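Structural overview for review
Each chain is listed here by its residues.
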Amino acid sequence: MTRTRRQLTGGFAAALAASVVILVTAVPAQQAKPADGAATHPRPAPVTSLANTIDQAFDAAYSLDHPNAIALARKAVALGPEEASAHRTLAAILWLNILFQRGAVTVDNYMGGITKAQLALPKPPPDVETEFKRELSLAISLSEARLKTNPRDIDARYDAGAAYALQASYSASVDGSVMAAFGSAKRAYNAHEEVLNK
């Protein structure tokens, strides 16, 4: 499976938040093209079926059909339980659902400007927050395990970067802590810079 490489733009500070969202959602189902001689992790799930399910899940999410998006993302996890991209997809869709349920989908909410409206945002439902954190943790641990086995695995590097980008996005937009997001955002940026350079 090959992934088309998309170039990210901008400097680190102002474009970081936008880059994080782009990294998490812009290429959810595609895989990075491996560099010559770089081995990739064998895929246990049927790639086409998993990729199609992930695409359908994001299509549903962006069409504001959140129940269907979550169901499709859970199906992706069932199809590819050892795939970081499947777990990241479910986490990303849960995150998007949290944002919409809270009414926090403006640039001001995302960029961390403190307003009275932002301070009054409700906490996410505990079960959704727990599922998000579990799926994100699995996405990170699966991609990091693959990188330990093969540090040249571009797919794993992309998956790790996208998972860290999602972690940063959640910290900034749900927890309201832009400063806490910077560590994860920097890891995401560095990982994807490596992918783009391959």
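Notes on the structure follow. All of these numbers come straight from a predicted model, not from anything done at the bench. (Residues numbered from 1 in each chain as written. Predicted model: local features only at pLDDT ≥ 70, side-chain atom pairs only at ≥ 80, totals over all residues. Heavy atoms only, no water.)

**Observations concerning the overall build of the chain**
Across its full length, the chain carries nine helices and zero strands. Along the chain, helices (α) and strands (β) appear in the sequence α-α-α-α-α-α-α-α-α when read from the amino end. Sorting the 198 residues of the chain into buried and exposed places 49% on the buried side. When contacts within the chain are restricted to residue pairs at least 6 apart in sequence, those whose partners lie at least 24 apart make up 73%. (Helix = DSSP H or I, 4+ residues; strand = E, 2+ residues; numbered from the N terminus. Buried < 20%, exposed > 50% of the residue type's maximum accessible area, 1.4 Å probe, protein only. Contact = heavy atoms within 4.5 Å.)

**A look at the nonpolar core**
Among the nonpolar cores identified, the biggest contains 37 residues, and Ile93, Trp95, Phe132, Leu136 and Leu166 are the most heavily contacted of them. Elements supplying a minimum of two residues to this core: helix 2 (47-62), helix 3 (66-79), helix 4 (84-102), helix 7 (126-149) and helix 8 (154-173). Looking at which element gives the most residues to this core, the answer is helix 4, with ten residues. Setting aside residues no more than four positions away along its own chain, Leu136 makes contact with Ala91, Ala163, Leu166 and Gln167. (Core = buried A, V, L, I, M, F, W, Y, C linked by side-chain atoms within 4.5 Å.)

**Topic: helix 8**
Between its first and last C-alpha atoms helix 8 spans 28 Å; for 20 residues at 1.5 Å apiece the expected length is 28 Å, and the two agree. Buried residues dominate helix 8, accounting for 19 of its 20 residues. (Expected span 1.5 Å × (residues − 1).)

**What to know about the packing of helix 8 against helix 9 (residues 178-197)**
Between helix 8 and helix 9, the shortest axis-to-axis distance is 7 Å and the interhelical angle comes to 160°. Considering the angle they form, helix 8 stands roughly antiparallel to helix 9. By crossing handedness, the relation of helix 8 to helix 9 is classed as left-handed. Where helix 8 abuts helix 9, its residues Ile154, Arg157, Tyr158, Gly161, Ala162, Tyr164, Ala165, Gln167, Ala168, Ser171 and Ala172 lie against Val178, Ala180, Ala181, Ser184, Ala185, Arg187, Ala188, Ala191, His192, Glu194 and Val195. Its residues placed into classes, the contact of helix 8 with helix 9 shows 14 nonpolar, five polar and three charged. (Axes fitted to C-alpha atoms, helices over the stretch in contact; angles between N-to-C directions. Parallel < 35°, antiparallel > 145°, perpendicular 65-115°, else oblique. Left-handed = near helix turned anticlockwise from the far one by under 90°. Nonpolar A, V, L, I, M, F, W, Y, C, P; charged D, E, K, R; others polar.)

**Let's talk about unusual backbone geometry**
Despite not being glycine, Leu64 shows a phi value in the positive range, around 65°. When you line up the elements, Leu64 lands in the loop between helix 2 and helix 3. Residue classification places Leu64 among the exposed residues on the basis of a relative accessible area of 51%.

**Quick look at the packing of helix 3 against helix 4**
Between helix 3 and helix 4, the least distance of the axes is 8 Å, while the angle of their chain directions is 160°. It follows that helix 3 is roughly antiparallel to helix 4 by the angle criterion. The handedness of the crossing between helix 3 and helix 4 comes out as left-handed. Two secondary-structure elements touch here, helix 3 through His66, Ala69, Ile70, Ala73, Arg74, Ala76 and Val77 and helix 4 through Ala86, His87, Thr89, Leu90, Ile93, Leu94, Leu96, Asn97 and Phe100. Classifying every residue of the contact of helix 3 with helix 4 by side-chain character gives eleven nonpolar, four polar and one charged.

**A closer look at the packing of aromatic side chains**
Going through the model one piece at a time under the given rule, you end up with two aromatic pairs. Where Phe132 meets Tyr170, the ring centres are 4.1 Å apart and the plane angle is 15°; that geometry is what we call stacked. Taken together, the residues span a long stretch of sequence, with Phe132 in helix 7 and Tyr170 in helix 8 at a distance of 38 residues. Phe132 sits in the buried class, given a relative accessible area of 2%. (Phe/Tyr/Trp six-rings, centres within 6.5 Å; stacked < 30°, edge-to-face > 60°.)

**Considering helix 9**
Between its terminal C-alpha atoms helix 9 stretches 27 Å, which fits the 28 Å expected from 20 residues at 1.5 Å a residue. Of all the bends found along helix 9, the most pronounced is centred on Ser184 and spans about 30°. By the burial criterion, the buried members of helix 9 are Ala181, Ser184, Ala185, Ala188, Ala191, His192 and Val195. (Bend = angle between axes of the 7 residues up to and from the residue.)

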